[in-house]
Each structure stands twice: as structure tokens, then as C-alpha cells.
Amino acid sequence: EDKVVQSPLSLVVHEGDTVTLNCSYEVTNFRSLLWYKQEKKAPTFLFMLTSSGIEKKSGRLSSILDKKELFSILNITATQTGDSAVYLCAVYGNNRLAFGKGNQVVVIP
Amino acid sequence: DVKVTQSSRYLVKRTGEKVFLECVQDMDHENMFWYRQDPGLGLRLIYFSYDVKMKEKGDIPEGYSVSREKKERFSLILESASTNQTSMYLCAIGRNLLAYGYTFGSGTRLTVV
């Protein structure tokens, strides 16, 4: 069975702090790892990673994949209250996405 | 803009009722998925479909069935709703090769009383 484990499950930070979220996985036929952001409703796509060591960046968010150690991290720098959300890690293998339980991030002013 | 439309945002049903959740997409994507999301459990795959009239069980198919008679529509059916099926249900679509990840609908929050 595919496993995706995210840590920490929840954290509270102050505006301006840097956040690092972790995702480790065990998936047969790995093809890619994806990060989503979920606020009140549907998850929205952030990144897809397929190659080790290549950082993907979008504004204050960045992510990297290590296929040897089977994990990924998502970094958020200079956090803002609008970054408060659940961040979902998902791994694509066997023609489906398997999701972790999510990292709940609360950013307080 | 890709649209994945779920027929209801909120739904309240009685135990034992037959419940239909509809998902319609306008992007001609081959693959469609039904997930449920519960606090502390994350998203869990119920059923998915690669093509019209095709369906595959996900990780938690018990108590559910699906129908895909047209490419754009994927229905989730609760044959006899039970209180443990109270949950947020999310439909997702995706292309083969997963070039850009899945696109999700806004979700249906189902309460079974």
C-alpha cells in the first residue's frame, strides 16, 4: 500500500517566519510528487516534482524532491496570514494520487 | 479555465437514503476521481475512472458505487447512506501522464442524519 507521511501535522507561526514542511513517501512505480494548498474549499495545485535536486519556486514558496531518500520539502519564506492553509502532499504512482494527511499552517499577525 | 462542477455544495440526507453526487467537467480529461476528506485522515480515494463505462476501486470503496456513462460526468452513489459517510466529498479530474496534477471541484459537504 502506498504511504505518504507529512510532518508536522500542524504548526502556528508569526508573520515573517519561515516554514518548512516535510513529506516522505513509499510508493511503487513512483512518477511524481505534488504539493497542493487547501484553504476553505478545493485544493489548488502548487508544484509537481519529478526529478531529484531541482528546486521549483513560485514567489515565496519553493519545493525540492529527494528521490534517493524518498522525501520532499516545501518552504514558505516571509509568511503572511494568507499562507494559512492546509498543505497537501501527494505522490503519483500506479495511475493514481495518494495523499498525505496534510500540514495545517496557521500564520498569526 | 478548467471547470469541475459538483452539483451540490451542502447536502443533508437521512440514514438509508440513496444519494447521488454528481461531478461534471468541461475539459475532456480522461480520468476522474472521487475522494472523501475527513479530519485527521486526509484525502482517501473511493473510486476512479479512466474512460467512459470504466471504473476502478480506490482504497475505500465499501458502501459506494459509481457511474460514468458520458466522458464529462462521473457520479458517486451511496446506495444506503449511513452516518459514517458524513464527510466532504471531492471530485478531481486529470489527464493521462499527469502533466499538471489533478484539478479539484469545490466539494460537497454531505451530512447523514
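Refer to the structure presented above.
A short tour of the structure in this document, coming up. (Residues numbered from 1 in each chain as written. Chains lettered and ligands numbered in written order. Predicted model: local features only at pLDDT ≥ 70, side-chain atom pairs only at ≥ 80, totals over all residues. Heavy atoms only, no water.)

The next thing to look at is the side chain of B:Thr108. Residues and elements named next belong to chain B. Relative to the elements of secondary structure, threonine 108 occurs in strand β11 (residues 108-112). Of note is the side chain of threonine 108, whose polar atom sits 2.5 Å from the backbone oxygen of serine 8. Setting aside anything within four residues of it in sequence, one finds threonine 108 in contact with Gln6, Ser8, Arg9, Leu11, Leu21, Ser87, Met88 and Tyr89. (Helix = DSSP H or I, 4+ residues; strand = E, 2+ residues; numbered from the N terminus. Polar contact = N/O pair within 3.5 Å; in protein donor to acceptor, adjacent residues only side chain to side chain. Contact = heavy atoms within 4.5 Å.)

So, about the pattern of salt bridges. Residue and element names in this part refer to chain B. Taken as a whole and judged by the stated rule, the model has nine salt bridges over all chains. For glutamate 69, the salt bridge goes to lysine 53, with nearest N and O atoms at 2.5 Å. Of this pair, glutamate 69 sits in strand β7 (residues 64-70) while lysine 53 sits in the loop between β5 (42-49) and β6 (56-57), and the two are 16 residues apart along the sequence. The exposed category is assigned to glutamate 69, whose relative accessible area is 53%. Through salt bridges with shared partners, one network takes in Arg36, Asp38 and Arg44. (Salt bridge = Lys/Arg side-chain N within 4 Å of Asp/Glu carboxyl O. Buried < 20%, exposed > 50% of the residue type's maximum accessible area, 1.4 Å probe, protein only.)

Residue and element names in this part refer to chain B. Across the sheet, four strands lie side by side as β1-β3-β8-β7; this open sheet has antiparallel pairing. What marks the edges here is a single partner per strand, and that holds for β1 (4-6) and β7. Averaged over all neighbouring strand pairs, the angle between strand axes comes to 20 degrees, with direction disregarded. Of the pairings in the sheet, the one linking β7 to strand β8 (residues 73-78) comprises five bridges and is antiparallel in character. Across the sheet, residue serine 67 finds its bridge partner in β8, namely serine 75. (Pairing = 2+ DSSP bridges. Axes fitted to C-alpha atoms, helices over the stretch in contact; angles between N-to-C directions.)

Attention shifts here to the sheet that holds strand β8 (residues 71-76) of chain A. Residue and element names in this part refer to chain A. Taken in spatial order, the five strands of this open sheet run β1-β3-β8-β7-β6, and their pairing is antiparallel. The open sheet has two edge strands with one neighbour each: β1 (3-7) and β6 (56-58). Taking the axes of each pair of neighbouring strands and ignoring which way they run, one obtains an average angle of 15 degrees across the sheet. In the sheet, strand β7 (residues 61-66) pairs with β8 via six bridges, with the strands oriented antiparallel. Looking across to β8, one finds that leucine 65 is bridged to serine 72.

Moving on, we get to the nonpolar core. Ranked by size, the top nonpolar core spans 23 residues in total, and within it A:Leu21, A:Leu33, A:Trp35 and A:Tyr87 carry the most contacts. Of all the secondary structure elements, the ones that give two or more residues to this core are β2 (10-14), β3 (19-26), β4 (30-38), β5 (44-49), β7, β8, β9 (85-93) and β11 (103-108) of chain A. Among all residues touching A:Leu21, those that are not within four sequence positions of it are A:Ser7, A:Pro8, A:Leu11, A:Trp35, A:Ser72, A:Ile73, A:Leu74, A:Tyr87, A:Asn103 and A:Val105. Counting residues in hydrophobic clusters, the runner-up holds 21 residues, among them B:Val19, B:Ile46, B:Leu78 and B:Tyr89. (Core = buried A, V, L, I, M, F, W, Y, C linked by side-chain atoms within 4.5 Å.)

What follows concerns the environment of A:Leu74. All names here are of chain A. Mapped onto the elements, leucine 74 comes out in strand β8. Leucine 74 sits 19 residues away from glutamate 55 along the chain, and the two C-alpha atoms are 9.9 Å apart. Look past the residues within four positions of leucine 74 in its chain and what remains in contact with it is Val19, Thr20, Leu21, Trp35, Leu46, Phe47, Ser62, Ser63 and Tyr87.

This brings us to the environment of B:Tyr47. Structurally, the position occupied by B:Tyr47 is in strand β5. When sequence neighbours within four positions are dropped, the list of residues in contact with B:Tyr47 reads B:Met32, B:Phe33, B:Trp34, B:Glu56, B:Lys57, B:Gly58, B:Pro61, B:Tyr64, B:Ser65, B:Val66 and B:Phe74.

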